[in-house]
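Read off the chains here:
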Amino acid sequence: FRRVLFRSLLLLMACANVASLLLARGASRRKEIAVRFAMGAARRRIVGQLLSESVLLSLAGGLLGLALARLGIALVRRFGPASIPQLRDLAMDGRLFLFALIVSMATGILFGILPAIHTSGIELNAALSETSRGGTAGRKGRTLRGALVVAEVALAVLVLIGAGLLMRSFVRLRAVNPGFQPAGLLTLRLPLLGGRNGTRDRSAPFIHQVLDRLATLPGVQSTAAVTSLPLTGLDTGTTFAVAGRPAPPDQRPLVPMRYISGGYFSTMGIPLLAGRTFSDSDTPQSPAAVIVNQTLVRRFFPGENPIGRHLILDVLSSRVAEVVGVVGDVKQEKIAGEEWPVIYNAYTQ
């Protein structure tokens, strides 16, 4: 709603500006209009001509806007980040063209009819007797242009207030701690599903090899792997139950789950609050281990020490996993979003 309101205010400012320009243009054509009246032209014909010129100007502006929008879409599709969903499917359709056409025509009619009526309502003798240097639009013209200027200033103040509030919101969002340190991080996506390294017995050794080779690159301090980066959505999840607290399967909470490598928390700058992180000793043959975040501890272990407790993870076919660590909260969906309880699993398991 705020975006629509902001754009509507900008459109009204532009329309008021165009109306002022049309009034000024009509004032400079007073003698021309007077000559046409003297030659027998009807006022309806004059109004129709001025209104047609206004609509043509609006349509030209609308077509130019569509051309710029098409160019902008092409640039976004060409240079935009691949992580934006359905970016390659972004395109202009017939509905957008029809909407732009309707808005352009409506703008030309609504904001062109008043200058057209005002310009056509001139006093014939006074207009013909004016010199090119001494012509004036009259008191009505000055009053109307003054009203349009006042409207433009009022709309500009509203837009500035909205921009100030938007900037304030942006500054407040910048001050929110996302739970990790983004400075100096470089991420890449490595699809495994459907490839030769996508099987369970090949994926863990392959990821381990990739991380080792990346660590040898100049300037790289640490490397890590995760199934879903922060601020990219909730993605994969699991229902779970705390061992010793029986709960029916349909009443178990659903929480996001991340498969990570041992160095994930240190690489991302996520603080380890209690316990340990994953290591090479966490293998499929060893007891299942998980790490949870602060929000999960607050909701399901209030006033308790979660280290050493066990969770029943339905995604692992009701496998029991021991809580070996607690880490800080990380924004999963968006900066202004709520904190979600999250379970971290070792990708080696």
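Residues numbered from 1 in each chain as written. Predicted model: local features only at pLDDT ≥ 70, side-chain atom pairs only at ≥ 80, totals over all residues. Heavy atoms only, no water.

Draft legend 1. Molecular detail of the overall build of the chain. Within the chain, the secondary structure is distributed over 9 helices and 7 strands. The buried share among the 349 residues of the chain stands at 31%. The long-range share in the chain, meaning contacts at least 24 apart out of those at least 6 apart in sequence, stands at 73%. By element, 62% of the accessible surface of the chain is carried by carbon and sulfur atoms, the whole surface being about 22100 Å². (Helix = DSSP H or I, 4+ residues; strand = E, 2+ residues; numbered from the N terminus. Buried < 20%, exposed > 50% of the residue type's maximum accessible area, 1.4 Å probe, protein only. Contact = heavy atoms within 4.5 Å. Areas by Shrake-Rupley, 256 points an atom, 1.4 Å probe, with all protein chains shown as cover.)

Draft legend 2. Broad picture of the pairing of strand 2 (residues 254-260). Taking burial as the measure, the 7 residues of strand 2 include 5 buried ones, the bulk of the element. Relative to strand 2, strand 1 (residues 237-242) is paired through 3 bridges, and the arrangement is antiparallel. Across the sheet, Thr239 pairs through a bridge with Leu254, a residue of strand 2. (Pairing = 2+ DSSP bridges.)

Draft legend 3. Layout of helix 3 (residues 43-79). Here helix 3 spans 54 Å end to end across 37 residues, near enough to the 54 Å set by a 1.5 Å rise per residue. For helix 3, the set of buried residues is Ile46, Val47, Leu50, Leu51, Ser54, Val55, Ser58, Gly62, Leu66 and Ile73. (Expected span 1.5 Å × (residues − 1).)

Draft legend 4. Looking closely at the pattern of salt bridges. On inspection of all chains with the given rule, the structure shows 5 salt bridges. Linking Asp282 and Arg276 is a salt bridge whose minimum nitrogen-to-oxygen distance equals 3.2 Å. When its relative accessible area of 34% is taken as the criterion, Arg276 is described as partly exposed. Notably, a salt bridge pairs Arg309 with Glu304, separated by 2.5 Å at the nearest N-O pair. The class for Arg309 is partly exposed, based on a relative accessible area of 24%. Given a relative accessible area of 34%, Glu304 falls into the partly exposed group. Ionic contacts of the salt-bridge type, sharing partners, join the residues Arg245, Glu304 and Arg309 into one network. (Salt bridge = Lys/Arg side-chain N within 4 Å of Asp/Glu carboxyl O.)

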